[in-house]
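# Structural characterization, general
Residue-level listing of the chains:
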Amino acid sequence: MKNFTHLHVHTEYSLLDGFCRIQDLVKQAKKLGMNSLAITDHGVMFGVVDFYKQCVREGIKPIIGCEVYTAPRTLHHKDSKQDSNPGHLVLLAKDQEGYRNLMKIVSTGFVEGFYYKPRIDIDYLKGHSQGIIALSSCLAGDIPRAIMANNLEKARHLVQDYKDIFGEDYYLEVQDHGIPEQLKVKQGLALLSRETKVPLIATNDVHYVKKEDAKNHDILLCIQTATSVSDSNRMKFPGDEFYLKSREEMMDLFYDMPEAVDNSNIIAEKCNAELDFNTTHLPKFQLPPGEEDPKKYLSDLCYKGLAKKYDKVTEELTDRMKYELSVIDSMGYNDYFLIVWDFIKYAKDHQIMVGPGRGSAAGSIVAYSLDITAIDPIKYDLLFERFLNPDRVTMPDIDIDFCYERRQEVIDYVIEKYGHDHVAQIITFGTMAARQSIRDVGRSLDIPYGKVDKVAKEIPMEIGMNIQKAVKNNPNLAKMMGEDEEVDNLIEIAKSLEGLSRHASTHAAGVVISNKPLVEYVPLYRNNEVISTQYTMTLLEELGLLKMDFLGLRTLTVIRDAIENIRKNRDIEIDIDDLEYDDKNVYELISSGHTLGIFQLESAGMQKFMTNLKPDSFEDIIAGISLYRPGPMDSIPTYIKNKKNSENIQYIHPILESTLKVTYGCMVYQEQVMKIVRDIAGYSMARSDLVRRAMSKKKMDVMEAERQVFIHGELDDSGNITVEGALRRGVSEEQANKIYDQMIDFANYAFNKSHAAAYAVIAYQTAWLKKYYPIEFMAALLTSVMGNDKKVAQYIMNCKNMSINVLPPDVNESYEKFTVVGDKIRFGLAAVKNVGENAVQSIIAKREEKAYISFTDFYKRNDGKVLNKRAVESLIKCGAFDSLKVYRSQLMNVYEKIIDNINEDKKHKIEGQISLFQNMQESSIFRENLPDIEEFEEDMKLALEKEILGLYITGHPLKKYEKLLVNKVSLDSSMIDNQEELKEIGIKDGSTVTVGGIITQKKTC
Ligand SMILES: [Zn+2]
Ligand SMILES: [Zn+2]
């Protein structure tokens, strides 16, 4: 046996502790001639699937494992003194049962045993030891610890305990990284092995791939512990021996116990757990009593919905329905659609806003009939095959937008309905980004902040940027590295750490539901109170689990609030899903460019585009949303030109007209590519989707092969025509080639029309609200950005342009949110700084009983506990008492005295006295001793408003210079923080711009 298998290996998923990138790790093992390798991260299985796939790719056997934590007492004991220092134990899966048990053990560590670390205990192991091999682990293992404490008796007992649980699959683990304690432990373990016949296993505690990685690994530890290399008390690995050693190196270390090295191969041979990428684990839908067949139940619901959606159910509609249902059934997705239908129904029944759809699901008439989507796929030529292709079996993917504020209620419903153990949220990993990596490394190396900052800022802020690219493209950076060794070192280390996983968090939208308890398929993780999977979204799909995105969309909340405002203010009920998309006034509004707050059409560049395009149909909006992105943007001029002169549009072949007419001869959608190959060359819908996929992925060889089929058609083995080809349909070879070239050019930019159409619905709805109920809409919009001063200021400016008055907060009129009062908008109290939620609630509740008649009255009725002096001062400064006919200056002068008096009064108040002085107090509410002074100057008033609300409200100090400024500036401050928008209007890093403003503060250093 001339081999060795590493059975104790930490990857980057031992977060900020392991420095092995999985790919490098597996490649190195392969290079060292090893034929198997284990993964044993600390307490987690995050990296298992990636590792498994990488090993298979390299032809190495993957061994799935974990170095778990053992609780000192039981996993339920969580005492700071006794339970905070758990031991280590290495577990490896032998077979499928072992893999499932390992997932359960690791999950239980998080779900039940978490105390600083995910912990399990002997009892739990007893019930889940089948198929698992256990190794006694490093110096932090329970047995090595007992040996180090000279408690051989305890060590002996522990060995016996584990032997009882794991039988011949238990091993005593010896390590030698040149640490003196390891020598003692090694001797102790050898002794115990002779006594108990438990075999020895030699491992190396791998934390980095190569010896020279030790120094970078050390920096990683500094980042983990927020220390620097010069810190003498920090956690540090002794020496540089924690790398993936060769068999020869291991034999040299353990020359006195070669069997411990060879045992690694015996263990490796025992381990044969495999991951299953071929089975799906879709949950079942619980049918109502009396129903037995999900297929029939789904079909019934669909036809019922169909009759509701269309005035006349034509043959075309029923044919499409029949076809979709048969595909859904043959793929086994009946239950899936019922599940989605059910929770959307729950949301709608509970007045939780649901979006009209997103992604490709809007191409399905089944989804439309079930109210899963809200756009007619027939009317807008949306294709089912773009969503589910019978020739390409994939999981259906329906992502749903919900009201931002109530999304969680739907998730909770699903958890309740399918069971806490069948539903979980999904993990996601934050990685070390370029700039952050430089900053972290700089701090760890004790390089002065200013210097590190300068280097970090040389990394351009662009999507897809990394340190390597930056060094190549930014001569400044290269120069800094060449001139300064410290910078060079900094960059080199930062580069080595960049992209490593840094922390685990919960995916914002993903939810997974399975037929059996999730731990049967995926290990679970705990993020405070949220239980999530340990595998990321894409991996879950590969493992056959159903994931869905429950997204929170703020615009839906805005629509809800606007409708609510309309009901309150005008007593009108709006059914927003009932709009026809053909209102000229709405298109006029959009064409005017006043689209601030309108979904998808809000940005400066989009406003400009809309004023040029002058959309006058829903198709124009769909196209607008699809075109306004890098790539398709290039077609915008042609699109606009053709729209204005539609008689000049030229088609390569007349067949194209029916498909390209809606977009004035331009190819805009993926669906158009699919239709063209069908119309010109006679492809089936399913195959046309495969062509579309190949094109969008730029698979050149597939595309060229397909070109021949497109032109000449295809025959099967017995000579039957399977694809007609363009020639047979009267299209010349030249024309066919030209069309094909155009499709290739365009296909990788093409947009999914289903998605654009669904989003165009929301765009239209918001535009409609802004057109017909501008005050109610703007109030809702302002509420949605409360806390974002810049956005609030921008929208208030927009209100002013529309001649809508936005009034300052008022204790007698304001609610928590922005509200509509007649034809004005009243500021929400929640937007006033220093006034807490409780205070706001109290102010509203008390005045609902009776309006406030004076400041004294106000303070007397609001408890001093919820309303401190600072809050009162803020209310005065922003003008919340103006309606009581007192000057802000007067109140600022005396409010503290009044408050002190009232508080003093309350303290001295005792029973009996109340009735005696009651009358006197009542009258004192009116007789406030206000000083006889002038109101603050305008500038002062505005400054105070800005301080408290973050913006000027009753005026603007630059008002008198407005005209001058508009002519001089080239950049509006509302755009300064928005990279995307700056790009849209052509402003790049390094451009010179002119801005106007007020200097509010001066700092000298
Ligand atoms: Zn360990
Ligand atoms: Zn370890």
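What counts, and at which threshold
Residues numbered from 1 in each chain as written. Chains lettered and ligands numbered in written order. Predicted model: local features only at pLDDT ≥ 70, side-chain atom pairs only at ≥ 80, totals over all residues. Heavy atoms only, no water. Helix = DSSP H or I, 4+ residues; strand = E, 2+ residues; numbered from the N terminus. Buried < 20%, exposed > 50% of the residue type's maximum accessible area, 1.4 Å probe, protein only. Contact = heavy atoms within 4.5 Å. Donors = N, O, S within 2.8 Å, 3.2 Å for Na, K, Ca; no water. Phe/Tyr/Trp six-rings, centres within 6.5 Å; stacked < 30°, edge-to-face > 60°. Core = buried A, V, L, I, M, F, W, Y, C linked by side-chain atoms within 4.5 Å. Salt bridge = Lys/Arg side-chain N within 4 Å of Asp/Glu carboxyl O. UniProt positions renumbered as here; feature names shortened; annotations may be inferred. Pairing = 2+ DSSP bridges. Axes fitted to C-alpha atoms, helices over the stretch in contact; angles between N-to-C directions. Patch = residues over 30% accessible without salt bridge, like charges linked within 9 Å, V, L, I, M, F, W, Y side chains within 5 Å. Areas by Shrake-Rupley, 256 points an atom, 1.4 Å probe, with all protein chains shown as cover. Lys, Arg positive; Asp, Glu negative; His and termini not counted. Charge placed at Lys NZ, Arg CZ, Asp CG, Glu CD. Polar contact = N/O pair within 3.5 Å; in protein donor to acceptor, adjacent residues only side chain to side chain. Parallel < 35°, antiparallel > 145°, perpendicular 65-115°, else oblique. Left-handed = near helix turned anticlockwise from the far one by under 90°. Nonpolar A, V, L, I, M, F, W, Y, C, P; charged D, E, K, R; others polar. Expected span 1.5 Å × (residues − 1).

## Quick word on the overall build of the protein
Looking only at helices and strands, the protein has 42 helices and 18 strands in total. Dimensions of the protein, computed from the C-alpha atoms along their principal axes, are close to 95 × 95 × 75 Å. Here the protein, with 1005 residues, has 54% of them falling under the buried criterion. Restricting the contact set of the protein to residue pairs at least 6 apart, pairs at least 24 apart contribute 73%.

## Overview of helix α16 (residues 434–444)
Among all positions of α16, only Ala434, Ser437, Ile438, Asp440, Val441, Gly442 and Ser444 are buried. In this fold, the buried residues of α16 make contact with α8 (214–225), α17 (449–457), α18 (467–473), α20 (485–497) and β10 (501–513). Following α16 by one or two positions, Asp446 adopts a phi angle in the positive range, close to 60°.

## Side note on the coordination of the zinc ion (ligand 2)
Within the first shell, the zinc ion (ligand 2) binds the protein through His8 (NE2), His10 (NE2), Glu67 (OE) and Asp205 (OD), at distances of 2.1 to 2.5 Å. Counting gaps between the donor residues of the zinc ion (ligand 2) yields the pattern H-x1-H-x56-E-x137-D. A spacing of 3.2 Å is found between the zinc ion (ligand 2) and the zinc ion (ligand 1), which share Glu67 as a donor. Of the residues examined, His8 reaches a relative accessible area of 0% and is grouped as buried.

## Comments concerning the packing of aromatic side chains
Applying the stated criterion across every chain yields a total of 37 aromatic pairs. Plain terms: the ring middles of Tyr297 and Trp341 are 6.1 Å apart, the flat faces sit at 80° to each other, and that makes the pair edge-to-face. Of the two residues, Tyr297 is situated in helix α11 (residues 294–309) and Trp341 in helix α13 (residues 334–349); the sequence distance between them amounts to 44 residues. Overall, the relative accessible area of 13% leaves Trp341 in the buried class.

## Section: the nonpolar core
One finds Phe337, Phe343, Phe618, Ile825, Phe827 and Phe881 to be the most contacted residues of the largest nonpolar core, which totals 162 residues. With 12 residues, the top contributor of residues to this core is helix α32 (residues 753–772). Core analysis: the next-biggest nonpolar cluster, separate from the first, contains 85 residues, Val9, Ile120, Ile132 and Leu200 among them.

## Description of the pattern of salt bridges
For the coordinates displayed, the defined rule picks out 65 salt bridges. Between Glu714 and Arg687 there is a salt bridge, and its shortest N-O distance comes to 2.8 Å. Taken as a pair, Glu714 in strand β14 (residues 714–715) and Arg687 in helix α29 (residues 685–696) lie far apart in primary sequence, 27 residues in all. Members of the salt-bridge network, linked through shared partners, are Lys211, Asp240, Glu241 and Lys245.

## A look at the UniProt feature "domain: Polymerase/histidinol phosphatase N-terminal" (unreviewed entry) in the protein
UniProt tags residues 5–72 as "domain: Polymerase/histidinol phosphatase N-terminal" (unreviewed entry). For residues 5–72, the end-to-end C-alpha separation is 30 Å, with 31% helix and 25% strand making up the annotated structure.

## Re the environment of Lys885
Among the structural elements, Lys885 can be located in the loop between α37 (869–877) and α38 (888–908). For the pair Lys885 and Leu951, spaced 66 residues apart in the sequence, the C-alpha separation amounts to 23 Å.

## Thoughts on the sheet that holds strand β16 (residues 805–807)
One open sheet holds the three strands; their spatial order is β16-β18-β17, and the pairing between them is mixed. Across the chains shown, the open sheet's two edge strands, defined by having one partner strand only, are β16 and β17 (819–821). Taking the axes of each pair of neighbouring strands and ignoring which way they run, one obtains an average angle of 35° across the sheet. As paired strands, β17 and strand β18 (residues 824–826) are joined by three bridges and run antiparallel to one another. Its bridge partner being in β18, Val820 is matched across the sheet by Ile825. Set on the sheet, helix α33 (residues 774–784) makes contact with β17 and β18; between it and β18 the angle comes to about 20°.

## With respect to the coordination of the zinc ion (ligand 1)
Protein coordination at the zinc ion (ligand 1) comes from Glu67 (OE), His88 (ND1) and Cys138 (SG), with a distance range of 2.0 to 2.3 Å. For Cys138, a relative accessible area of 10% translates into the label buried.

## Things to note about the pairing of strand β12 (residues 530–533)
Judged from the four bridges that link them, strand β11 (residues 524–527) and β12 form a sheet pairing that is antiparallel. Across the sheet, residue Tyr525 finds its bridge partner in β12, namely Ser532.

## Here's the deal with a nonpolar patch on the surface
On the surface, Ile976, Val993 and Val995 cluster together to form a nonpolar patch covering roughly 220 Å² of accessible area. Along the polypeptide, Val995 turns up in the segment after α42 (979–984).

## Comments concerning a negative patch on the surface
Taken together, the side chains of Asp575, Asp577, Asp578, Glu580 and Asp582 define an acidic patch exposed on the protein surface. Accessibility expressed as a relative area gives 47% for Asp575, which makes it partly exposed.

## Thoughts on the side chain of Arg407
Structurally, Arg407 is set in helix α15 (residues 407–418). Although Arg407 is buried, it forms no salt bridge, and the closest oppositely charged side chain is Asp549 at an N-O distance of 7.9 Å. Only 2.8 Å separates the side chain of Arg407 from the backbone oxygen of Phe550, close enough to count as a polar contact.

## A short note on the pairing of strand β8 (residues 399–403)
The buried count for β8 comes to five of five residues, which makes it a mostly enclosed element. When β8 meets strand β13 (residues 546–553), the two strands line up parallel, connected through five bridges. Across the sheet, the residue bridging to Asp401 is Leu551, located in β13.

## What about the packing of helix α28 (residues 670–681) against helix α31 (residues 733–747)?
Between α28 and α31, whose axes approach to 11 Å, the crossing angle comes to 165°. The orientation of α28 relative to α31 falls into the category roughly antiparallel. Judged by the sense of rotation from one axis to the other, the crossing of α28 with α31 is left-handed. Across the interface between the two elements, Val673, Ile676, Val677 and Ile680 of α28 pack against Ile739, Met743 and Phe746 of α31. The residue inventory of the contact of α28 with α31, partitioned by class, reads seven nonpolar, no polar and no charged.

## What about the environment of Ile998?
Here Ile998 lies in the segment after α42. Judged by relative accessible area, Ile998 falls into the partly exposed class, the value being 39%. The sequence separation of Ile998 and Pro957 amounts to 41 residues, and the corresponding C-alpha distance is 8.6 Å.

## Thoughts on helix α22 (residues 554–570)
Compared with an ideal rise of 1.5 Å per residue, which puts 17 residues at 24 Å, α22 spans 24 Å between its outermost C-alpha atoms and is within 8% of the ideal. Among the residues of α22, those classed as buried are Thr555, Leu556, Thr557, Val558, Ile559, Arg560, Asp561, Ala562, Ile563, Asn565 and Ile566. Those residues of α22 that are buried are in contact with β8, β13, α32, α33 and β17.

## What about unusual backbone geometry?
What you tend to see is this: most non-glycine residues have negative phi, and most peptide bonds are trans. Although it is not a glycine, Asp446 adopts a positive phi angle of roughly 60°. According to the relative accessible area criterion, Asp446 is partly exposed, its value standing at 41%. Of note in this structure, Lys614 is not a glycine but carries a positive phi near 50°. Checked against the element boundaries, Lys614 lands in the loop between α24 (604–613) and α25 (618–627). Take Lys614: its relative accessible area is 45%, and that puts it in the partly exposed class.

## Observations regarding the packing of α32 against α33
As a packed pair, α32 and α33 sit with axes 5 Å apart at the nearest point and diverge in direction by 125°. Comparing the axis directions of α32 and α33 gives the class oblique. Along the contact surface, α32 presents Thr766, Leu769, Lys770, Lys771 and Tyr772, while α33 presents Pro774, Phe777 and Met778. Here the contact of α32 with α33 is built from residues that sort into five nonpolar, one polar and two charged.

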